[in-house]
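Here's the letter readout for the chains.
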Amino acid sequence: MTWFDESRLDDEIALGSADLRLRTLAESGARIRREASAATDAIAEAVGRASDARPRAVIAAGPDSRLLRAVLEPWCPVPFVAWPSAGLPGWTGSLDLVVVLAPDGSDTGTASAVAEAARRGCQVVVACPTESSVAMHAAGRWTTILPTETGDQLATAVVMLWFLHQVALGPASDPATVADALDDVAIACSPQRDISINPAKMLAISLADAAPVVWGGSVLAARAARRVAELIRRTSGRTAVAGDAEHLLPVIEAARPRNVFADPYADGSGGRRPVLIVLDDGADDPVAREQRDRLEEAARAGDVRVEAVTTEADGEVARYASLLLSGTYAAEYLRLGLVED
């Protein structure tokens, strides 16, 4: 039987067993600074090439294009297309800008896409390791490689967004600001901070006997919610769902009435009730506000706990990164507290 031992979250020996994973989370801000520093000269080169004329369209190619879509679709002044599948749209040509995130540089579909973009004469900007398969396939007259070293998907995306902001195709996303936001989360959620003042440990305790239902109101908060639910499933092997309000409301409304005399260990996994996790990035959108009110009202009616993860980071990319890292810390602490008899 698996149960949750919250004492492990402040136990030095138990924390030592998770030191590598927690240390990797703590270094998230440092990886962004490292990638931004390495790419400074290449970004200047790409900005110089892009200064002549605004592209007809921006195509984000490769499986990691969805984060760029979440950031750019509401903002980009030219048509924007995310193309996570192999290849490129048939209409892509020399008037278009193709941007690619390839943190490890080994994906064959991405390599094929950048080779096709170079062949068609597109301006191509690829964030990938310089000695990778993707970099070799991207070689061309109008190609710029933004060198990456860490394999970190978020850090790679932040570097690309920094370039897109400098050519007036994306919102402000200063890498230093994003890195500072991640440092703030790492300090607040540090394993050295005890449960009483550590928001990630407290959230992990809330998740211990529950089935998480994760919601974010804005486009980026919703993406963070999906990632956090995925991380909870991966670290705990338990059910966790994320989605729009209309998809989550039936889950909350179907929650069984709380039985204060129930034994959660005797009941097993079937006894877990939902807990609503709200990722709040501060976006002031009336539609999102109305959806959140509906979810929280349903939670109150069904005696379902509501936990809010908030951020005061400056800028929407920094807020997304902050929410995602907070949720990742909570998922790791959940993993750490789960033990088997």
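Bear in mind that the values here come from a model prediction, so they are computed numbers and not experimental data. (Residues numbered from 1 in each chain as written. Predicted model: local features only at pLDDT ≥ 70, side-chain atom pairs only at ≥ 80, totals over all residues. Heavy atoms only, no water.)

Draft legend 1. The arrangement of the pairing of strand S4 (residues 97-101) in detail. Of all the five residues making up S4, five are buried; the element is thus mostly covered by neighbouring parts of the structure. As judged from the four bridges shared by strand S2 (residues 58-61) and S4, these two strands associate in the parallel manner. The partner of Ala60 across the bridge, within S4, is Val99. Both S4 and strand S5 (residues 123-128) contribute to a ladder of five bridges, which runs parallel. What sits directly across from Val99, in S5, is Val125. At this point the chain moves from S4, through helix H5 (residues 108-119), to the parallel S5, and the crossover so formed is right-handed. (Buried < 20%, exposed > 50% of the residue type's maximum accessible area, 1.4 Å probe, protein only. Helix = DSSP H or I, 4+ residues; strand = E, 2+ residues; numbered from the N terminus. Pairing = 2+ DSSP bridges. Right-handed = clockwise from strand over helix to strand, strands pointing away.)

Draft legend 2. Structural context of the packing of aromatic side chains. Taken as a whole and judged by the stated rule, the model has one aromatic pair. Ring geometry for Tyr329 against Tyr333: centres 6.2 Å apart, planes inclined by 25°, an arrangement best described as stacked. Here Tyr329 pairs with Tyr333, and both are found in helix H14 (residues 316-337), just four residues apart, close to one helical turn. Residue Tyr329 shares its accessibility class with Tyr333, and that shared class is buried. (Phe/Tyr/Trp six-rings, centres within 6.5 Å; stacked < 30°, edge-to-face > 60°.)

Draft legend 3. Examining the pairing of S2 more closely. Along S2, one buried face is formed by Val58 and Ala60 and the opposite face, lined by Ile59 and Ala61, is buried too. Inspection of the sheet shows S2 paired to strand S3 (residues 80-83) by four bridges, in the parallel sense. Pairing of Val58 across the sheet is with Phe80, part of S3. Chirality of the crossover, the property in question, places the unit of S2, helix H4 (residues 65-72) and S3 among those that are right-handed.

Draft legend 4. Main features of helix H3 (residues 28-50). In the structure, H3 departs most strongly from a straight axis at Thr40, where the bend amounts to approximately 55°. Along H3, the residues classified as buried are Ser28, Gly29, Arg31, Ile32, Glu35, Ala36, Ala39, Ala42, Ile43, Ala46, Val47 and Ala50. Summarising the contacts, the buried residues of H3 are in contact with helix H2 (19-26), S5, strand S6 (143-147), helix H7 (153-166), helix H8 (175-188) and H14. (Bend = angle between axes of the 7 residues up to and from the residue. Contact = heavy atoms within 4.5 Å.)

Draft legend 5. The sheet that holds S4, seen in detail. Read across the open sheet, the five strands follow the order S3-S2-S4-S5-S6; overall the sheet is parallel. Each having just a single partner strand, S3 and S6 make up the two edges of the open sheet. Taking each pair of neighbouring strands and ignoring which way they run, the sheet shows an average axis angle of 15°. Sheet contacts for H7: S4, S5 and S6; angle to S4, the most-contacted strand, approximately 160°. (Axes fitted to C-alpha atoms, helices over the stretch in contact; angles between N-to-C directions.)

Draft legend 6. Seen up close, the sheet that holds strand S7 (residues 210-216). The parallel open sheet is built from four strands, whose spatial order is S8-S7-S9-S10. Every interior strand has two partners, whereas the edge strands, strand S8 (241-242) and strand S10 (306-310), have only one. Looking at chain direction, S7 and strand S9 (residues 273-280) are connected through seven bridges and run parallel. Among the inter-strand pairings, Val213 is bridged to a residue of S9, identified as Leu276. The strands touched by helix H11 (residues 245-253) within the sheet are S7, S8 and S9, with S7 carrying the most contacts at an inclination of about 155°.

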